[in-house]
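# Overview (structure and organization)
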Amino acid sequence: MNNITIDMAYKSLNHVGEELCGDKVEIVNNDDSRILILADGMGSGIRANILATLTSKIIATLLKHNTSIDEVISTIARTLPVSSVNRAAYATFSVIQAFYDGKIYVVEYDNPECILIRDGKVEKLPFKTRMVEGKKIRECEFMSKLGDSLAITSDGCLYCGTGDIMNYTWDWKALSNCALNAAKISQNAQQMADHINANCAELYGNVPSDDTTVAVARVTEEKIISILTGPPADKKDDYKMVEAFMEHEGIKIVCGGSTSHMVARVLNERLIPVEGELDPEIPPTSKIKGIDLVTEGVLTLHKAVELLERYADNDVSEDFFLELSRDNGATRIVIYFMEDCSTVHLYVGKAVNMDYTDKTLPFEITARQSLTQRLIAVLEKMNKKVHVHYY
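Residues numbered from 1 in each chain as written. Predicted model: local features only at pLDDT ≥ 70, side-chain atom pairs only at ≥ 80, totals over all residues. Heavy atoms only, no water.

With that out of the way, let us pick up the packing of aromatic side chains. On inspection of all chains with the given rule, the structure shows six aromatic pairs. Judged by centre distance (6.4 Å) and plane angle (20°), the ring pair of Tyr311 and Phe320 falls under stacked. Given the relative accessible area of 0%, Phe320 is considered buried. Between the aromatic rings of Phe320 and Phe321, the centroid separation amounts to 5.3 Å while the plane-to-plane angle is 85°, which identifies the pairing as edge-to-face. The structure contains a cluster of three or more aromatic residues connected by ring pairs, namely Phe245, Tyr347 and Tyr391. Positioned over the ring face of Phe127 is Arg138, at 5.5 Å from the centre of the ring. (Phe/Tyr/Trp six-rings, centres within 6.5 Å; stacked < 30°, edge-to-face > 60°. Buried < 20%, exposed > 50% of the residue type's maximum accessible area, 1.4 Å probe, protein only. Lys NZ or Arg CZ within 6 Å of the ring centre and 35° of its normal.)

This is the structure:
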């Protein structure tokens, strides 16, 4: 398959009373694939967190270097002992490796079975079981289809009930039907994971008696956002920078006053201020033919990054959505990145704008570079594939 992307995200609930989650998720980006790893440590709290973290890190490191799953499990078996009381493993795991050619590999050890949503239905995966280092694993390979959604979960997602009561009606079938509904109503992996996790939280009465994690992989068409901020250090590179910025399909965003003038000049188009009600905090947007969004620079980008950081940290209270409902350049950037993005091409000019050396600005900034680094960090935290081009 061409022009596909594998959108991956997760959501966790901590065991009530615990500051650390006993589940751990890792996402690994390889040249040919993306890998989603969910490890579930025995028990809860700091000990479970350490066991899950160690397990997920071992798996991530070895798979990134194309180590066979047999060697991965062998390494984990040598590293993590079993309980002396009941001989249970100290950590269980699930792994989805999604290749850009469409192949999917899934392997599981003692976690709930992976859920596949395809063509609006729950499909059973063609698992086979075998023994590795005395551990019974399930694994399968299959070719994905555009639109496939896969969900792996920790065992806290099953039998969710209030108090110490096991809710046996919330079995794998009920959980998979919840995943099916979540796939239908969500636009991306994060929304799907959030929806499933929220259902589990409700069944727990928002007092989870186990660490509860949902990790989702979705095979979708690549959604590209190209964002250009700042003119190049050498004015002779204006045309080169804009030409590279325009070559990608997808949404195009220009941030900055001098930047937008440069883009309009290179494209031989008019820069038109947008009329209408103004936001008192965020400067107004403009229009350039062929560009989806044209905003002011540092103030707008700073607010957008601030909102994206709150979203990435799951600080999404009612206040967050009220903020997002304000129609301005910053909120439009945030919504684009939340809903219409899998890959980002970020074009950063190194020209120094003396306007931002004024220390009276209402936030600390040495230059556009500092803000750019925060944007890169938060987009990577949101599991976007980020390509940065400096000029």
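Alright, that's what it looks like, and here's the rest.
Within helix H9 (residues 329–339), the full set of buried residues consists of Gly329, Ala330, Thr331, Ile333, Val334, Phe337 and Met338. Regarding H9, its N-cap is Asn328, as a side-chain oxygen of that residue lies 3.0 Å from the backbone nitrogen of Ala330 further along. (Helix = DSSP H or I, 4+ residues; strand = E, 2+ residues; numbered from the N terminus. Polar contact = N/O pair within 3.5 Å; in protein donor to acceptor, adjacent residues only side chain to side chain.)

Glancing now at a nonpolar patch on the surface. Judged by side-chain polarity, Leu20, Ile46 and Ile50 come together as a nonpolar surface patch covering roughly 290 Å² of accessible area. With respect to the secondary-structure elements, Leu20 resides in the loop between strand S1 (4–13) and strand S2 (23–29). (Patch = residues over 30% accessible without salt bridge, like charges linked within 9 Å, V, L, I, M, F, W, Y side chains within 5 Å. Areas by Shrake-Rupley, 256 points an atom, 1.4 Å probe, with all protein chains shown as cover. Salt bridge = Lys/Arg side-chain N within 4 Å of Asp/Glu carboxyl O.)

Attention shifts here to the environment of Ser260. Position of Ser260 among the secondary structure elements: in helix H6 (residues 257–267). C-alpha separation for the pair Ser260 and Ala48, spaced 212 residues apart in sequence, amounts to 51 Å. Here Ser260 is in contact with Val254, Leu271, Ile288 and Val294, once residues within four sequence places are set aside. (Contact = heavy atoms within 4.5 Å.)

Our next topic: the pairing of strand S13 (residues 251–255). Burial of S13 is extensive: five of the five residues sit out of reach of the surface. Side chains of S13 alternate between two faces, with Ile251, Ile253 and Cys255 and Lys252 and Val254 buried alike. Assessed by its sense of winding, the connection that carries the chain from strand S12 (residues 224–229) through helix H5 (residues 238–246) to S13 is right-handed. Relative to strand S16 (residues 293–295), S13 is paired through three bridges, and the arrangement is parallel. Across the sheet, residue Cys255 finds its bridge partner in S16, namely Thr295. (Right-handed = clockwise from strand over helix to strand, strands pointing away. Pairing = 2+ DSSP bridges.)

Oppositely charged side chains are able to pair whenever their charged atoms sit close together. Applying the stated criterion across every chain, the model contains 17 salt bridges. Across the pair Arg265 and Asp238 runs a salt bridge whose closest N-O atoms are separated by 2.7 Å. Taken together, the residues span a long stretch of sequence, with Arg265 in helix H6 and Asp238 in helix H5 at a distance of 27 residues. Here the salt bridges share partners, and the residues they tie into one network are Asp279, Glu281, Lys303, Glu306, Glu323 and Arg326.

Next up on the list: the packing of helix H3 (residues 172–185) against helix H4 (residues 189–203). One can describe the packing of H3 onto H4 by two numbers: an axis separation of 8 Å at closest approach and a directional angle of 140°. When the axes of H3 and H4 are compared, the pair comes out oblique. You can see that H3 and H4 cross each other, and the crossing is right-handed. Only Met192, His195, Ile196, Asn199 and Cys200 of H4 make contact with H3, whose side of the interface consists of Leu175, Cys178, Ala179, Asn181, Ala182, Ala183 and Ile185. Considered class by class, the residues forming the contact of H3 with H4 number nine nonpolar, three polar and no charged. (Axes fitted to C-alpha atoms, helices over the stretch in contact; angles between N-to-C directions. Parallel < 35°, antiparallel > 145°, perpendicular 65-115°, else oblique. Left-handed = near helix turned anticlockwise from the far one by under 90°. Nonpolar A, V, L, I, M, F, W, Y, C, P; charged D, E, K, R; others polar.)

Right, let's talk about the nonpolar core for a bit. Membership of the largest hydrophobic core comes to 32 residues, with the highest contact counts inside it found for Ile253, Ile333, Phe337, Val344 and Leu375. Elements represented by at least two residues in this core include exactly S12, S13, helix H7 (298–312), helix H8 (318–324), H9, strand S17 (343–348) and helix H10 (368–381). At seven residues, H7 tops the list of elements feeding residues into this core. Not counting chain neighbours up to four residues away, the residues in contact with Ile333 comprise Ile253, Cys255, Leu293, Thr295, Thr300, Leu301 and Ala304. With 24 residues, the next largest nonpolar core counts Ala151, Ala174, Cys178 and Ala179 among its residues. (Core = buried A, V, L, I, M, F, W, Y, C linked by side-chain atoms within 4.5 Å.)

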